[in-house]
Amino acid sequence: FSAIFPLGPSPQNATYSWSCRKGPSRIPCESSAYAGLSNAELTSRTLRIPFSNLQPSIVYIWSVLVSTSPSSQGIAFAEYKVPQLPQGGVCEAVPAISFAYNTSIRLQCHGWSTGALEESLPLSYQFSLIQNSGLSTVLCRFSPSAECSAALPGEEQPGQSIVSLIASIRIGELRTLQVPF
């Protein structure tokens with residue numbers, strides 16, 4: 001996933017130069033913020049930054065210097081903050097031991113929260129099971145509900161047992177934390 005910083009209408013013969021500063025002190029960003037970005041990308045009209053380049057909960061101020069001639073320049077700024085992953089909660093399955101075909105289980109997560117600055121971003125939950133073959137089956141798709149009741153599917157082939165249950169907890173539409181049961 002990427003943060004995208006597009007600009008408005010482009011003046012003819014414009015050149016662009018992107019740079020980054022962090023936080024209120026506006027110290028220059030470390031080189032990891034630019035990781036994987038080519039010089040052509042840092043001088044293009046639109047900049048895409050992979051989330052993996054940025055640290056959670058840090059405010060990044062991306063600026064672009066737009067020049068149409070040596071005497072005609074302008075600058076634009078965009079602030080961006082990668083939200084923290086949800087933290088502090090637990091997920092559990094009831095009953096803790098289940099058997100295919102004849103067990104309904106209830107999966108639930110509680111106590112998860114986001115950082116103070118991300119409180120306006122909603123959490124959503126998805127519950128899945130993983131078989132030893134690597135096949136993943138979604139039991140309940142992403143929703144605001146932190147609970148899921150489902151019947152465990154039976155083995156389609158001998159030896160296709162369930163290895164684990166996973167809760168995926170997403171903040172807004174931005175970052176997802178996977179929690180094994």
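Everything in this summary refers to the structure shown in the same document.

Definitions and cut-offs
- Residues numbered from 1 in each chain as written.
- Predicted model: local features only at pLDDT ≥ 70, side-chain atom pairs only at ≥ 80, totals over all residues.
- Heavy atoms only, no water.
- Disulfide = S-S within 2.5 Å.
- Core = buried A, V, L, I, M, F, W, Y, C linked by side-chain atoms within 4.5 Å.
- Buried < 20%, exposed > 50% of the residue type's maximum accessible area, 1.4 Å probe, protein only.
- Helix = DSSP H or I, 4+ residues; strand = E, 2+ residues; numbered from the N terminus.
- Contact = heavy atoms within 4.5 Å.
- Salt bridge = Lys/Arg side-chain N within 4 Å of Asp/Glu carboxyl O.
- Pairing = 2+ DSSP bridges.
- Axes fitted to C-alpha atoms, helices over the stretch in contact; angles between N-to-C directions.

## Brief notes about the state of the cysteines
For step 1, the next point in the chain: Taken as a whole and judged by the stated rule, the model has three disulfides.
For step 2, the next point in the chain: Across the protein, the disulfide pattern expressed with sequentially numbered bonded cysteines is 1-2, 3-4, 5-6.

## Comments concerning the nonpolar core
Nonpolar side chains in soluble globular proteins tend to end up buried together.
For step 1, the next point in the chain: Core analysis: the biggest nonpolar cluster contains 20 residues, and Cys-109, Trp-112, Tyr-125 and Ile-169 have the highest contact counts within it.
For step 2, the next point in the chain: Those elements that provide at least two residues to this core are β8 (104-110), β9 (123-131), β11 (147-151), β12 (162-171) and β13 (175-180).
For step 3, the next point in the chain: Apart from residues lying up to four places away in sequence, Tyr-125 is in contact with Cys-109, Trp-112, Arg-141, Phe-142, Ser-143, Pro-144, Ser-145, Ala-146, Ser-168 and Ile-169.
For step 4, the next point in the chain: Residues Ala-14, Tyr-16, Trp-62 and Val-82 belong to the second largest nonpolar core, which totals 18 residues.

## A short note on the pattern of salt bridges
Where side chains of opposite charge bring their charged atoms close, a pairing between them can arise.
For step 1, the next point in the chain: Counted according to the given criterion, the structure contains one salt bridge.
For step 2, the next point in the chain: As a salt-bridge pair, Lys-22 and Glu-30 come within 2.7 Å of each other at their nearest N and O atoms.
For step 3, the next point in the chain: The partly exposed category is assigned to Glu-30, whose relative accessible area is 24%.

## Points about the sheet that holds β8
For step 1, the next point in the chain: One open sheet holds the three strands; their spatial order is β7-β8-β11, and the pairing between them is antiparallel. Where the open sheet ends on each side, the last strands, each with one partner, are β7 (90-94) and β11. Within this sheet the neighbouring strands show an average axis-to-axis angle of 15°, counted without direction.
For step 2, the next point in the chain: The pairing of β7 with β8 spans five bridges and is classified as antiparallel.

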